Amino acid sequence: MRQTSCSASRRSRRGSVRRPTRCATSNVRGSCRLPGVTAGRRQYTAADVELIGMLVHLRETGMPLADIARFTGADDTVADPVGFRLALLTAHHRRVRDRREELDRALDVIARKIADYNDRIASSPELLRRPDCTIAFSS
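For clarity, every value in this text was computed on a predicted model and none was experimentally measured.

Reading the values: rules and limits
Residues numbered from 1 in each chain as written. Predicted model: local features only at pLDDT ≥ 70, side-chain atom pairs only at ≥ 80, totals over all residues. Heavy atoms only, no water. Helix = DSSP H or I, 4+ residues; strand = E, 2+ residues; numbered from the N terminus. Buried < 20%, exposed > 50% of the residue type's maximum accessible area, 1.4 Å probe, protein only. Contact = heavy atoms within 4.5 Å. Areas by Shrake-Rupley, 256 points an atom, 1.4 Å probe, with all protein chains shown as cover. Expected span 1.5 Å × (residues − 1). pLDDT = per-residue confidence, 0-100. Phe/Tyr/Trp six-rings, centres within 6.5 Å; stacked < 30°, edge-to-face > 60°. Lys NZ or Arg CZ within 6 Å of the ring centre and 35° of its normal. Axes fitted to C-alpha atoms, helices over the stretch in contact; angles between N-to-C directions. Parallel < 35°, antiparallel > 145°, perpendicular 65-115°, else oblique. Left-handed = near helix turned anticlockwise from the far one by under 90°. Nonpolar A, V, L, I, M, F, W, Y, C, P; charged D, E, K, R; others polar. UniProt positions renumbered as here; feature names shortened; annotations may be inferred. Patch = residues over 30% accessible without salt bridge, like charges linked within 9 Å, V, L, I, M, F, W, Y side chains within 5 Å. Salt bridge = Lys/Arg side-chain N within 4 Å of Asp/Glu carboxyl O. Lys, Arg positive; Asp, Glu negative; His and termini not counted. Charge placed at Lys NZ, Arg CZ, Asp CG, Glu CD.

A.B. asks: Is there a simple way to think about the overall build of the protein chain in this case?
C.D. replies: Tallying secondary structure elements over the protein chain gives 5 helices and 5 strands in all. The N-to-C order of helical and strand elements in the protein chain reads β-α-β-β-α-α-α-α-β-β. Counting all 139 residues of the protein chain, 25% fall into the buried class. If you take every contact in the protein chain between residues at least 6 apart in sequence, the share linking residues at least 24 apart comes to 44%. In the form shown here, the protein chain has an accessible surface area of approximately 9600 Å², with 55% of it arising from carbon and sulfur atoms.

What follows is the structure, given as structure tokens:
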């Protein structure tokens with residue numbers, strides 16, 4: 001995530017949240033405690049923008065909204081918020097890793113099929129060369 005130009009003591013306006021987080025603020029209102037309104041505008045500290053960016057990243061990597069809400073509300077609802085957040089992040093990490101393994105398997109299948117078609121173009125139609133074997137067949 002890009003760093004914002006505002007310091008922790010300076011506050012940024014709502015529109016500036018959209019740029020570093022690639023997210024409209026209305027998309028994160030239900031997920032975390034946002035600052036109050038001053039002169040009709042919400043204001044965000046650098047820490048607010050960093051938190052929103054992290055929450056957007058968690059969502060983009062598939063964390064369920066219910067888990068994100070539990071993650072942000074942990075200070076008020078559980079005795080050990082750090083341990084609770086660690087458990088949520090560990091479970092999410094496992095889901096992302098499992099998904100990556102599924103995608104790697106899918107990429108292997110696609111790569112084999114690409115090799116099959118490249119071999120069909122380069123070889124005789126009765127011989128199909130694959131990385132792991134050669135298949136002879138009759139037309």
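A.B. asks: I tried to follow helix H5 (residues 81-122) on my own but got confused; where do I start?
C.D. replies: Turn by turn, an α-helix covers 3.6 residues, leaving residues three or four places apart pointing in a common direction. Its 42 residues place the ends of H5 60 Å apart at the C-alpha level, agreeing with the 62 Å of an ideal helix rising 1.5 Å per residue. Among all positions of H5, only Pro81, Arg85, Leu88, His92, Asp116 and Asp119 are buried.

A.B. asks: What exactly am I supposed to notice about the confidence of the model for the protein chain here?
C.D. replies: Low-confidence regions, as indicated by low pLDDT, have predicted coordinates that should not be scrutinised in detail. In this model, the protein chain carries an average pLDDT of 77, and 64% of its residues clear a pLDDT of 70 or more. Every residue in residues 1-14 scores below 50 in pLDDT, and together they form 35 contacts with partners more than four places removed in sequence or on other chains.

A.B. asks: Can you help me understand the packing of aromatic side chains in this one?
C.D. replies: Centre-to-centre distance and the angle between the planes together describe a pair of aromatic rings. Here the structure, examined in full by the defined rule, presents 0 aromatic pairs. Arg85 extends its terminal NZ or CZ atom over the ring of Phe71, reaching a point 5.4 Å from the ring centre.

A.B. asks: I'm lost on helix H2 (residues 46-60) in this one. Help?
C.D. replies: With 15 residues, H2 should cover 21 Å at 1.5 Å per step; its first-to-last C-alpha distance of 21 Å lies within 8% of that length. Where H2 ends, the next residue or the one after it, Gly62, has phi of about 100°, a positive value.

A.B. asks: Would you mind showing me how to read the side chain of Asp67 here?
C.D. replies: Position of Asp67 relative to the elements: it lies in helix H3 (residues 65-72). With a relative accessible area of 12%, Asp67 lands in the buried category. Those residues in contact with Asp67 that sit more than four places away from it in its chain are Leu88 and Arg95.

A.B. asks: Is there a simple way to think about the packing of H3 against H5 in this case?
C.D. replies: Two quantities define a packed helix pair, namely the angle between the axes and the distance from one axis to the other. Interaxial distance between H3 and H5 falls to 9 Å at its minimum, and their mutual angle equals 155°. If you check the angle between H3 and H5, you find them roughly antiparallel. Between H3 and H5 lies a crossing of left-handed hand. Note on element contacts: H5 touches H3 through Phe84, Arg85, Leu88, Leu89 and Arg95, opposite Asp67, Arg70, Phe71 and Thr72. Across the contact of H3 with H5, the residue classes tally to 4 nonpolar, 1 polar and 4 charged.

A.B. asks: What is the right way to read the UniProt feature "domain: HTH merR-type" (unreviewed entry) in the protein chain from this model?
C.D. replies: Here, the residues flagged by UniProt with the feature "domain: HTH merR-type" (unreviewed entry) are residues 39-74. Helix makes up 67% of residues 39-74 and strand 11%, and the two end C-alpha atoms of the span are 30 Å apart.

A.B. asks: Help me understand a negative patch on the surface in this model?
C.D. replies: Taken together, the side chains of Asp98, Glu101, Asp104 and Asp108 present a region of like negative charge at the surface. Topologically, Asp104 is positioned in helix H5. Under the relative-accessibility criterion, Asp104 is labelled partly exposed at 40%.

A.B. asks: I would appreciate a short explanation of a nonpolar patch on the surface in the present structure.
C.D. replies: Residues Leu107, Ile110 and Ile114 make up a contiguous nonpolar surface patch of about 290 Å² in total accessible area. Within the secondary structure, Ile114 sits in helix H5.

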